[in-house]
Amino acid sequence: MGGHAQGNCQPVIKADLIGHSEPSSTVNPQRLNTSMTSTSASASVVSDGLPSLAIANRLATARIYLHGGHVAQWRPAGHGEVLWMSARSLHAPDKPLRGGIPVCFPWFGPHPERPELPAHGFARQRAWALDTVTDLDDGSTRAVLALVSDAASRAQWPHDAAVTLTVTVGSTLNVELAIANRDPAPLVCEAALHTYFSVGDIRRTTVEGLAGTPYLDKVGGVARRIEGSAPIAFSGETDRVYLGTTATATIVDPLLARRITVAKRGSRSTVVWNPWIAKAAKMADFGDHEWPGMLCVETANAADDRMTIAPGAIERMALDVSVTHA
Ligand code: BG6
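Cut-offs applied
Residues numbered from 1 in each chain as written. Predicted model: local features only at pLDDT ≥ 70, side-chain atom pairs only at ≥ 80, totals over all residues. Heavy atoms only, no water. Pairing = 2+ DSSP bridges. Helix = DSSP H or I, 4+ residues; strand = E, 2+ residues; numbered from the N terminus. Contact = heavy atoms within 4.5 Å. Axes fitted to C-alpha atoms, helices over the stretch in contact; angles between N-to-C directions.

**Q** Please provide a residue-by-residue account of the pairing of strand 16 (residues 223–226), values included.
**A** In the sheet, strand 15 (residues 214–217) pairs with strand 16 via four bridges, with the strands oriented antiparallel. When the bridges of strand 16 are listed, Leu-216 appears paired with Arg-224. A loop of five residues connects strand 15 with strand 16, the two strands running antiparallel in sequence, and Gly-220 in this loop sits at a positive phi of about 65°.

Given below as structure tokens:
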């Protein structure tokens, strides 16, 4: 997983010390800190109302909230913060965080039949269990989080699935979502790693890699279009689900003088989103003036690319983010 070497890994925090099914709200930071082995990297659970795992190794720093299985920060050595978090994000056990990498599952956008259910599924507002944290030979740190169907999830989605999020923090950021179908019937679902990137100014940012790709344009109703040959540029609200694409997308950011490359596996949809002025103003957890500084390029299987997972099978989708000075 993640293309990183796995031999002779150092387990930093062991699952049996944490309690695989323990709700995140009861994870004891002290217990986690004292369970760490001696290692060049550090991983500890801290809390700003919601517990999160703070990782620091020689390659990068990162923060992963157990709430939502949510990567909120990733800063590779020699670069600034790559992910964007809203200063207005809520930090509540029943609300998603705004920014970082929310996990959307088992549906994307509004529920197709029950609009009262949370948009983008329930995974981003549930407490995930922290399974293991491991130092890898190449200096990166791997955290594994888990979310398993329970009575609360079945009330919204009457299926059994075990979802695992594997986050590898190094000079690249690798995030893999694995969905295991524990139902006796095929499981139909959608998922997204809804990644918010920090950009200097969206109006001067472009995205390469999606030329000629069909997409659903969700601004002002849903229309099917085909992307042109030029890099994507932004001059208004943008909400697009690119379909049937496994391509790497590159964010070209002249103001921050960097290129962010988003490569993916097991994903056939790429969502590109910026709310622009009016939509940002309507969102309580999004600052009115924050929209120029963010861009979502999401690794997904949504709409036409929804997944059907056979009983007992596991479906995996993953992203690899890297940054270069440009
Ligand atoms: C994007 C969707 O992925 O997420 C947009 O395509 C949506 O339609 C956006 O507005 C944010 O969604 P939410 O539920 O986090 O406000």
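**Q** How would you summarise the environment of Val-252 if you had to cite specific residues and measurements?
**A** Here Val-252 lies in strand 19 (residues 249–253). On a C-alpha basis, the gap between Val-252 and Glu-208 in space is 7.5 Å, while along the polypeptide they are 44 residues apart. Sequence-distant contacts of Val-252, defined by excluding residues within four places in its chain, comprise Arg-204, Thr-205, Thr-206, Glu-208, Arg-258 and Arg-259.

**Q** Describe the sheet that holds strand 2 (residues 42–47), with residues and values.
**A** The sheet built from four strands is open, its strands ordered 2-3-4-5 with antiparallel pairing. Lying at the two open borders of the sheet, with one neighbouring strand each, are strand 2 and strand 5 (70–76). This sheet shows a mean twist of 15° between the axes of neighbouring strands, independent of strand direction. As judged from the six bridges shared by strand 2 and strand 3 (residues 51–56), these two strands associate in the antiparallel manner. Counterpart to Ser-44 in the pairing with strand 3 is Ala-54.

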